[in-house]
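Structural characterization, general
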Amino acid sequence: MRLTSHPLWLVGFRPLFTLACLAGLLLPPVWALIFAGQLAAPDMAFSPIQWHAHEMFFGFGWAVLGGFLLTSTKNWVGIRGYHGASLLLLTAAWIVERLGMSLGGHWPLPLFLLANSLFLVAIVAMLLWTLIRHRQRDSYRSDNGFFLLMLPAFIVAKHLLLAGDFAAGSAMSIGLFRLAFLIMLERTLTQFMKAAFQVEILRQPWLDMSIKLLGLCLALEFLLPSALAAALALTLAALLAIRFCFWKPQRVLRRIDIGIMYIGYLLIVLQLLVDACGHLANLVWVGSLSVHLFTVGVMGCIAPAMMIRIAKGHTGRKVAFAGSERLLLYLMLATLLFRVGLPQLFPAAYLGWIHLSASTWALVYGVLAWRVIPLLTQPRIDGREH
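Everything in this summary refers to the structure shown in the same document. Keep in mind it's a predicted model, so treat the numbers as computed, not measured.

**Concerning the pattern of salt bridges**
This model, assessed by the stated rule, comprises 18 salt bridges. Between arginine 255 and aspartate 257 there is a salt bridge, with the nearest N and O atoms lying 2.9 Å from each other. We classify arginine 255 as partly exposed; its relative accessible area is 30%. Judged by its relative accessible area of 6%, aspartate 257 is buried. Residue arginine 380 is joined to aspartate 382 by a salt bridge in which the shortest nitrogen-to-oxygen separation is 2.7 Å.

**What to know about empty space enclosed by the protein**
Taken as a whole and judged by the stated rule, the model has 1 cavity of 30 Å³ or more. Of the volumes computed, that of the largest cavity is approximately 90 Å³. What lines the largest cavity is Phe60, Gly61, Val64, Leu65, Phe177, Ala180, Phe181, Met184, Met299, Ala303 and Met306. For the lining of the largest cavity, the elements supplying multiple residues, two or more each, are helix H2 (48-77), helix H6 (166-197) and helix H10 (284-313). Tallied by class, the residues present in the lining of the largest cavity amount to 10 nonpolar, 1 polar and no charged.

**Points about the environment of arginine 137**
Residue position: arginine 137 is located in the loop between helix H4 (109-133) and helix H5 (145-163). With 59 residues separating them along the chain, arginine 137 and glycine 78 place their C-alpha atoms 7.2 Å apart. Not counting chain neighbours up to four residues away, the residues in contact with arginine 137 comprise Trp76, Val77, Gly78 and Ile79.

**Some thoughts on the packing of helix H9 (residues 256-281) against helix H11 (residues 323-345)**
Here H9 crosses H11 at 20°, and the two axes come no closer than 10 Å. One way to sum up the angle between H9 and H11 is to call them roughly parallel. Here the hand of the crossing between H9 and H11 comes out left-handed. Side by side, H9 and H11 meet where Ile256, Asp257, Ile260, Ile263 and Leu267 of the first sit next to Arg326, Leu329, Tyr330, Leu333 and Leu336 of the second. In terms of residue class, the contact of H9 with H11 is made up of 8 nonpolar, no polar and 2 charged.

Rules behind the numbers
- Residues numbered from 1 in each chain as written.
- Predicted model: local features only at pLDDT ≥ 70, side-chain atom pairs only at ≥ 80, totals over all residues.
- Heavy atoms only, no water.
- Salt bridge = Lys/Arg side-chain N within 4 Å of Asp/Glu carboxyl O.
- Buried < 20%, exposed > 50% of the residue type's maximum accessible area, 1.4 Å probe, protein only.
- 1 Å grid on protein atoms, 1.4 Å probe; cavity = no way out; pocket = protein on both sides within 12 Å on 5 of 7 lines; lining within 4 Å.
- Points joined across faces, edges and corners; volume = space filled by probe spheres on them.
- Helix = DSSP H or I, 4+ residues; strand = E, 2+ residues; numbered from the N terminus.
- Nonpolar A, V, L, I, M, F, W, Y, C, P; charged D, E, K, R; others polar.
- Contact = heavy atoms within 4.5 Å.
- Axes fitted to C-alpha atoms, helices over the stretch in contact; angles between N-to-C directions.
- Parallel < 35°, antiparallel > 145°, perpendicular 65-115°, else oblique.
- Left-handed = near helix turned anticlockwise from the far one by under 90°.

This is the structure:
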């Protein structure tokens, strides 16, 4: 069999979710060792915290988001989608970027810049080409314009994170990922609640659009006066909370596979409130709390459920969570407690919480890799190609 015809290269989520599992398994423990001084940081022109933030946003985060979007966009516009050699090259670019970020401190600058840019620029171009070329067939054409603005903005955020203003790059990265998750949750929870519970959840076009517009504005919060950024964050949190009350949350209490998506939604609300407090009171410690509420709470908790669901459903299997898979979701909630909750109560043990949360995160994504990578590397069981 030719390499490019292997099942791994049939559709975007297969290789990128594989990379996301490996990144989730390796990156947090490595960072914990660097943070504790037990492992040397990469010999780069930027700081260890820049390396950590970049790798979690643009290594792990974009492997998850890219796999989701490569799969979703082809379905939105009704085409075959990228496969074969294009996905193999995209995977190679992701791996080269990881090598460059860890070992490329003494590479010639043009080579480092190429290695650091190729993956994100390539996948953004691929996604934009799909959405623009097939816009007339787009089943979500009314609001996929947000992706046309959001996707190129990630390249700006990446540049700011490493070469410009780190605080601005981090805030912009969170804002863009937050908008992507808001759009994803709005669409998928509507479907999940109808399929699982035969209920319709509130979808008011003016409310949904207001939420997305505020999310887009807050991606540029670092350019706004603190009072205005706080007001926008509070307004978005209020609108999300109001909509949440009409999304029948009581129905999902016994379904962690969907319930964790609701928890992620609420954590977006909480992160916005914390962010607003930071703008109003100028509290330095709020920054780390806000960042990890989003990265560990929203990204870390929603991603495993989404990856399991897609890995099963898009390989022809029934979307049912096994006991071990449900346990992973509870373990991610424990990771959030270890990384965000307990350090506020017992700050003297901060280094221990870093190690514990990194270990449980790695355990989740290690078991996730064991569960889903075999599905990603085999043909669909229903005989369909992709």
